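So you can see what is in the structure, the chains are spelled out below.
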Amino acid sequence: QVQLVESGGGLVQPGGSLRLSCAASGSIHSIGLMEWYRQAPGKEREAVGSITSGGSAYYRDSVKGRFTISRDNAKNMMYLQMTSLKPEDTAVYYCKYLFYWGKGTLVTVSS
């Protein structure tokens with residue numbers, strides 16, 4: 001069993017920044033690919049990006065240049081640094097590892 005807990009969400013004005021964290025715990029020997037997803041109200045869940053164990057990150061086009069995914073393997077942590085936030089980034093953000101999901105953290109971008 002693996003537990004994933006997201007944190008760092010909140011209300012931010014357009015153009016602002018937030019940093020989300022995902023803490024992994026449980027039966028972990030070494031963690032491979034980790035992913036960030038988001039689900040906006042009334043929409044389907046979509047992939048935001050991912051990061052390999054070696055630190056190579058990949059992003060959906062709409063967040064490229066604004067979001068940065070990083071990880072600390074020693075601490076079993078993954079991060080999502082979000083800048084230049086837009087109202088359309090409003091969503092519940094989830095981290096995923098294999099078939100395990102966190103419960104999500106809400107990000108609201110509004111003035």
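Up top is the structure these notes are about.
Residues numbered from 1 in each chain as written. Predicted model: local features only at pLDDT ≥ 70, side-chain atom pairs only at ≥ 80, totals over all residues. Heavy atoms only, no water.

## A word on the pairing of strand β3 (residues 18-26)
Stage number 1. Inspection of the sheet shows strand β1 (residues 2-7) paired to β3 by six bridges, in the antiparallel sense. From the neighbouring strand, E6 faces β3, where its bridge partner is C22.
Stage number 2. In this sheet, strand β8 (residues 77-82) lies alongside β3 in antiparallel orientation, the contact comprising six bridges. Paired with A23 across the two strands is M77, which belongs to β8. (Pairing = 2+ DSSP bridges. Helix = DSSP H or I, 4+ residues; strand = E, 2+ residues; numbered from the N terminus.)

## Points about the pattern of salt bridges
Stage number 1. Evaluation of the coordinates by the stated rule reveals six salt bridges.
Stage number 2. Its salt-bridge partner being R38, residue E46 comes within 2.7 Å of it at the nearest N-O pair.
Stage number 3. According to the relative accessible area criterion, E46 is partly exposed, its value standing at 27%.
Stage number 4. The class for R38 is buried, based on a relative accessible area of 6%.
Stage number 5. Each member of the salt-bridge network shares a partner with another, and the members are R38, E46, R60, R66 and D89. (Salt bridge = Lys/Arg side-chain N within 4 Å of Asp/Glu carboxyl O. Buried < 20%, exposed > 50% of the residue type's maximum accessible area, 1.4 Å probe, protein only.)

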